[in-house]
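Fold and contact review
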Amino acid sequence: MNKIQMVDLRSQYLEIKDQVDEEINKVLENTAFINGPVVKEFAAQLGDYLNCENVVPCANGTDALQIAIMACDFPRESEILVSTFNYVAAAETIALMGHKPVFIEADEEYFNLDPEKIEEKITDKTRAIVSVHLFGQSSKMERLQEICKKHNLLIIEDNAQGIGGTYEIDGKVLSNGTIGDIATTSFFPSKNLGCFGDGGAIYSKRTDLFEKSKKIANHGQRVKYDYDAIGVNSRLDSMQAAILKVKLTRLDEYISKRNKAAQMYNERLGNIENLILPKVHDKASHVFHQYTMKVGEGRRDELKSYLADKGIPSMIYYPKPLHKNDAYIEFANPNEVFHIAEKLSASVLSLPMHTELGDDQVDYICDSVRDFFKN
Ligand SMILES: *Cc1c(COP(=O)(O)O)cnc(C)c1O
């Protein structure tokens, strides 16, 4: 059995080495390292895949969020709602842009923000909700839409973990990121669609937000050397686009491999007391960026080290809700307790999940988890 890893980028690369190397060589030959034709080709291909033609490639997923927020042009010190059980990028870019991240409690079953905890946080300064499709599954978009319509808020979808997933709304199956007003994603190597460095994208069905994002990502230039907005320099380089072009043709296959591994985990880890497996919402297709379980009775850390001793890595995403971090304490009401988010941070554990997991590896991981709970 091969060594078990959280992600296995090397084996995945070897599978597609010939194609990837050929595309990289083309970039080396024509030396258009920045804004080469391949960047446009990839953006068009991603647009087809997402069924949303307005794609702006950029340098990484955090930039994508910043640019999306800039494109929305909120008044200074707007309040933007985001789950506290989260990766930092959304709250970080909200604060950086001079707005206030307002933390929302998490949904215990699905890990995303709890739509029922949103309305109590809305004030006359609230302008948007960032829905982070955590671990590869969309938030409950029909409720978010309802709330946002009622209170006139925008929906920004952080789809860094959910690319390729879908959500059914009004009987239509839509690609994650195409339900809200604007979406962002990341091509960090370990993401479901990852390149060999940094990369990201913004996409939106709204032409106005798309055009603004495109301009902002390119120094706010209307035409070259004519600036009508303050922008940033955020580009996807040609080499990364070339790699992503190849990997995008495999994304559906990658997602089904992840689902197959998740299915095996579900079958072999069912019915263990104190172990709750991830749930898939009946409107969502899950892309299992992470396979995240909840471990009861304060035994999570013990399980993690038990597995480590057996050569099995596991990760805690995320060990501390954002409002508990020194940098973000000022944005939370000191008396407020986020019971669910705190409980999740204390109980979640993500198992190895990638496209190259062998059946023998999954079996070994599951046997080890079962052994732990027998003791
Ligand atoms: C990875 C990630 C990001 C940031 O992407 P980078 O490319 O690393 O900047 C943002 N949000 C979420 C939810 C992520 O998982």
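Located above this text is the structure these notes cover.
Residues numbered from 1 in each chain as written. Predicted model: local features only at pLDDT ≥ 70, side-chain atom pairs only at ≥ 80, totals over all residues. Heavy atoms only, no water.

**What about the overall build of the protein chain?**
Spelled out, the test is: For helices the rule is a DSSP run of H or I covering at least 4 residues; for strands it is a run of E covering at least 2, with both sets numbered from the N terminus onward. This radius of gyration counts C-alpha atoms alone. The globule rule is 2.2 Å times how many residues there are, raised to the power 0.38. Each residue gets one of three labels from its accessible area relative to the maximum for its type: buried under 20%, exposed over 50%, partly exposed in between, using a 1.4 Å probe on protein chains only.
Looking only at helices and strands, the protein chain has twelve helices and 15 strands in total. Over its C-alpha atoms the protein chain spans a radius of gyration of 21 Å, differing by no more than 12% from the 21 Å that the globule rule assigns to 375 residues. The principal-axis extent of the C-alpha atoms belonging to the protein chain is close to 70 × 55 × 40 Å. Counting all 375 residues of the protein chain, 56% fall into the buried class.

**What about the site of the ligand?**
What counts, and what does not: Proximity criterion: a residue is near a molecule or strand once any of its heavy atoms comes within 4 Å of it. Polar contacts, as counted here, are pairs of nitrogen or oxygen atoms within 3.5 Å of one another; within protein the pair requires one atom able to donate a hydrogen and one able to accept it, and residues that are adjacent in sequence qualify only if both atoms are side-chain atoms. With residues, only the protein chains shown are counted as cover, and all accessible areas are computed by Shrake-Rupley using a 1.4 Å probe. Throughout, the ten residues Ala, Val, Leu, Ile, Met, Phe, Trp, Tyr, Cys and Pro are labelled nonpolar, Asp, Glu, Lys and Arg are labelled charged, and all others, Gly among them, are labelled polar.
Taken together, N60, G61, T62, Y87, A89, V132, D158, A160, Q161, S186, K191 and G199 make up all the residues around the ligand. Contact between the ligand and T62: an oxygen atom at 2.5 Å from a side-chain N or O atom of the residue. Between the ligand and K191 there is a distance of 3.0 Å, counted from an oxygen atom to a side-chain nitrogen or oxygen. About the coverage of the ligand: the protein hides 93% of its 380 Å² of free accessible area. In the shell around the ligand, the residues fall into four nonpolar, six polar and two charged.

**A look at the state of the cysteines**
Covalently bonding the sulfur atom of one cysteine to the sulfur atom of another cysteine gives a disulfide. What counts is decided by this rule: The disulfide criterion is simple: two cysteine sulfur atoms within 2.5 Å.
In this structure the tally under the stated criterion is zero disulfides. Here C148 is not cross-linked by a disulfide; its sulfur's nearest cysteine counterpart is in C72, at 12 Å.

**Here we look at the pattern of salt bridges**
Selection criterion: Each salt bridge in this description consists of a side-chain nitrogen of Lys or Arg and a carboxyl oxygen of Asp or Glu lying within 4 Å of one another.
Under the definition given, this model contains 26 salt bridges. Here E336 and K121 are joined by a salt bridge, their closest N and O atoms 3.1 Å apart. Of this pair, E336 sits in the loop between α10 (300-309) and α11 (339-347) while K121 sits in the loop between β3 (100-104) and β4 (126-132), and the two are 215 residues apart along the sequence. Measuring nitrogen to oxygen at the nearest pair gives 3.6 Å for the salt bridge that ties K257 to E253. Of the two residues, K257 and E253 are both situated in helix α9 (residues 251-269); the distance of four residues between them amounts to about one turn of the helix. On the basis of relative accessibility, which here comes to 32%, the residue E253 falls in the partly exposed class.

**Some remarks on unusual backbone geometry**
Looking along the chain, the bond that leaves Y317 and enters Y318 is cis, with omega of 5°. Tracing the chain through its elements places Y318 in the loop between α10 and α11. Here F288, not a glycine, exhibits a phi torsion of approximately 45°, which is positive. On the secondary structure map, F288 appears in the loop between β13 (284-285) and β14 (291-295).

**Notes on α9**
Using the following cut-off: Here the expected span of a helix is defined as 1.5 Å times the quantity of residues minus one.
Taking 1.5 Å per residue as the helical rise, α9 with its 19 residues ought to reach 27 Å, and the 27 Å between its terminal C-alpha atoms agrees with that figure. For α9, the full list of buried residues reads L251, Y254, I255, R258, A261, A262, M264, Y265 and L269. Backbone geometry just downstream of α9 places N271 in the positive-phi region, at approximately 55°.

**Comments concerning a nonpolar patch on the surface**
To be explicit about the condition: Patches here: salt-bridge-free residues with over 30% relative accessible area, like charges joined within 9 Å, nonpolar side chains (Val, Leu, Ile, Met, Phe, Trp, Tyr) joined within 5 Å.
Nonpolar side chains collect at one region of the surface, where L28, F33 and I34 lie side by side and expose about 260 Å² of accessible area between them. Structurally, the position occupied by F33 is in the loop between α2 (17-30) and α3 (37-50). Overall, F33 belongs to the partly exposed group, its relative accessible area being 39%.

**Comments concerning the sheet that holds β14**
Going by this rule: Pairing between two strands requires that DSSP report at least two bridges joining them. Residue contacts are counted whenever heavy atoms from the two residues lie within 4.5 Å of one another. Angles run from 0 to 180 degrees between N-to-C directions of axes, and those axes are lines fitted to C-alpha atoms, restricted for helices to the stretch in contact.
Taking strand neighbours across the sheet as the criterion, the three strands line up as β12-β14-β15 in an open arrangement whose pairing is antiparallel. Strands with a single pairing partner mark the edges of an open sheet, and in this sheet they are β12 (275-276) and β15 (348-351). Direction of pairing for β14 relative to β15: antiparallel, over a ladder of four bridges. Paired with K294 across the bridge in β15 is V348. Strands in contact with α9 are β12, β14 and β15; relative to β14, the strand with the most contacts, it is inclined by about 25°.

**Overview of the packing of aromatic side chains**
Stated formally: When the centres of two rings from Phe, Tyr and Trp lie within 6.5 Å, Trp using its six-membered ring, the rings pair. Their planes under 30 degrees apart give stacked, over 60 give edge-to-face, and anything left gives tilted. Counting as a charge over the ring demands two things of the Lys NZ or Arg CZ atom: a distance within 6 Å of the ring centre and an angle within 35 degrees of the ring normal.
Counting across every chain of the model gives 15 aromatic pairs. Centroid distance F42 to F187: 5.5 Å. Interplanar angle 75°. Geometry classified as edge-to-face. Highlighted residues: F42 in helix α3 and F187 in the loop between β8 (182-186) and β9 (200-203), separated in sequence by 145 residues. For the pair shown, F42 and F187 are each scored as buried. Seen in terms of ring centroids, Y328 and F331 are 6.2 Å apart; in terms of plane orientation they differ by 40°. Their pairing is tilted. The exposure class of F331 is buried, given its relative accessible area of 16%. A connected cluster of aromatic rings, assembled from ring pairs, spans F85, Y87, F111, F135, Y317 and Y318. When the ring centre of Y87 is taken as origin, the NZ or CZ atom of K191, which lies over that ring, is 6.0 Å away.

**Quick word on the pairing of strand β6 (residues 166-169)**
Burial along β6 is one-sided: the face carrying Y167 and I169 is buried and the face carrying T166 and E168 is not. In this structure, β6 lies alongside strand β7 (residues 172-175), joined through four bridges in antiparallel fashion. Within β7, the residue paired with I169 across the bridge is K172. Connecting β6 to the antiparallel partner β7 that follows it, the hairpin turn spans two residues, and D170 within it adopts a positive phi of roughly 50°. Where β6 meets β13, two bridges bridge the pair, whose relative direction is antiparallel.

Such coordinate-based values are descriptive only and should not be taken to indicate function.
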